[in-house]
Amino acid sequence: MRYPKLRELKEAIRAIFKGPYTQDFPRKPHKPFDRFRGRSEFHKDDCVGCGACFQVCPAGAIEIQDQGNIRKLIVHWDLCIFCGQCQANCLTQKGIMLSNDFDLATTGDRKELKQEIEKEFLLCECCQEAIAPRDQILWVAKRLGPLMFSNASLMLFYNQNLDLASKSSSIPQKEDKEFLRSDRVRVLCPRCRREAVYKS
Ligand code: SF4
Ligand code: SF4
């Protein structure tokens, strides 16, 4: 006759009084531990659309689509490997975060396992090229504080958001290529800024 090991006997007696180690899932919802890495989710109010998460994602699970004045950021959960690089390298630290949600099973199309958010670009008032997402520029301006006043585009855009300067739409778009000195005080992309400074 083989006797149970003392260690197993101890665990069995302990389980009688303390209950089993396993959980009653799926009858009762499972609560993962705090640092569990689950579904990665964009938080639109905290994301500024910089694209750093897209750059560092090793699985190619984050996609960026720039169309006109809109940047679309998409996280594909069917490709995500839950490494946490996007969260660790997020510019704002809160734009994308891994949640505790582990239940990604679906009977539908796996391509539908995704989340999309959109960010609006700030456009150059001369050539209409996208400069960067508006939220990103505002974030930079706030981080720089008074130093932002050394950059005309930053200063103007920041003041526009405070209704202290005319919005872009109320300024006539520049169509000719002749830059005037006054063009320096406009929201410009780096290329138009260089031309405006050089030619005026
Ligand atoms: S957790 Fe890793 S794989 Fe998933 S989206 Fe973030 S960086 Fe990409
Ligand atoms: S703010 Fe964060 S989540 Fe948003 S695009 Fe930049 S790195 Fe990604």
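Preceding this section is the structure that the text describes.
Summarised in this report is the structure supplied together with it. This structure is a prediction, so every number in the text was calculated from the model and none was measured. (Residues numbered from 1 in each chain as written. Chains lettered and ligands numbered in written order. Predicted model: local features only at pLDDT ≥ 70, side-chain atom pairs only at ≥ 80, totals over all residues. Heavy atoms only, no water.)

1. So, the site of ligand 1
The line we're drawing: Proximity is defined per residue: if any heavy atom of the residue lies within 4 Å of a molecule or strand, that residue is considered near it. Under the grouping applied here, Gly and all other residues not named as nonpolar or charged are polar, the nonpolar ones being Ala, Val, Leu, Ile, Met, Phe, Trp, Tyr, Cys and Pro and the charged ones Asp, Glu, Lys and Arg.
Taken together, Ser40, Cys57, Pro58, Ala59, Ile62, Cys80, Ile81, Phe82, Cys83, Gly84, Gln85 and Cys86 make up all the residues around ligand 1. Considering only residue class, the shell around ligand 1 consists of nine nonpolar, three polar and no charged.

2. Comments concerning the packing of helix α4 (residues 134–144) against helix α5 (residues 152–161)
Rules: Helix axes use the C-alpha atoms of the stretch in contact, all axes being lines fitted to C-alpha atoms, and the angles between their N-to-C directions lie in the range 0 to 180 degrees. For the purposes of this entry, the term helix denotes a DSSP run of H or I that reaches at least four residues, the term strand denotes a run of E that reaches at least two, and both are numbered from the N terminus. If an angle is under 35 degrees, it is roughly parallel; if it is over 145, roughly antiparallel; if it lies from 65 to 115, roughly perpendicular; otherwise it is oblique. Between two residues, a contact is recorded if the distance between any of their heavy atoms is within 4.5 Å.
The contact between α4 and α5 brings their axes to 10 Å, and the two run at 105°. By the angle class used here, α4 and α5 are roughly perpendicular. Contacts between α4 and α5 involve Arg134, Ile137, Leu138, Val140, Ala141, Lys142 and Leu144 from the former and Leu154, Phe157, Tyr158 and Asn161 from the latter. When grouped by side-chain class, the residues that make up the contact of α4 with α5 number eight nonpolar, one polar and two charged.

3. Considering the packing of aromatic side chains
This is how the line gets drawn: Two aromatic rings from Phe, Tyr or Trp, using only the six-membered ring of Trp, form a pair when their centres are within 6.5 Å; if the ring planes differ by under 30 degrees the pair is stacked, by over 60 it is edge-to-face, and anything between is tilted. Charge-over-ring contacts are defined here by two conditions on Lys NZ or Arg CZ: a distance within 6 Å of the ring centre and an angle within 35 degrees of the ring normal.
Applying the stated criterion across every chain, the model contains three aromatic pairs. Centroid distance Phe36 to Phe102: 6.4 Å. Interplanar angle 90°. Geometry classified as edge-to-face. Placement of the pair is Phe36 in the loop between α1 (6–18) and β1 (40–42) and Phe102 in the loop between β4 (96–98) and β5 (114–123), with a sequence separation of 66 residues. Ring pairs connect the aromatic residues Phe25, Phe33, Phe36 and Phe102, which therefore count as one cluster. Looking at Arg39, its charged tip hangs above the ring of Trp77, at a distance of 4.4 Å from the centre.

4. Focus on the nonpolar core
The tendency in soluble globular proteins is for nonpolar side chains to be buried as a group. Keep this limit in mind: By nonpolar core we mean a set of buried residues, namely Ala, Val, Leu, Ile, Met, Phe, Trp, Tyr and Cys, connected to one another through side-chain atoms within 4.5 Å. Categorising residues by exposure relies on relative accessible area from a 1.4 Å probe, with only protein chains included: less than 20% of the type maximum marks a residue as buried, more than 50% marks it as exposed, and the intermediate range marks it as partly exposed.
Formed by 16 residues in total, the largest nonpolar core has its most connected members in Phe42, Cys53, Ile62, Cys86 and Ile96. Listing elements by their share of this core, those giving two or more residues are β3 (70–76) and β4. With near-sequence residues (within four places) excluded, Ile62 lies in contact with Phe42, Cys53, Phe54, Cys57, Ile74, Val75, Cys86 and Ile96. With 10 residues, the next largest nonpolar core counts Ala141, Met148, Leu156 and Phe157 among its residues.

5. Here's the deal with the side chain of Thr92
What counts is decided by this rule: N or O atoms closer than or at 3.5 Å make up a polar contact, with two conditions inside protein: a donor-capable atom paired with an acceptor-capable one, and, for residues adjacent in sequence, both atoms drawn from side chains.
Along the chain, the position of Thr92 falls in the loop between α3 (85–88) and β4. A distance of 3.2 Å separates a polar side-chain atom of Thr92 from the backbone nitrogen of Gly95.

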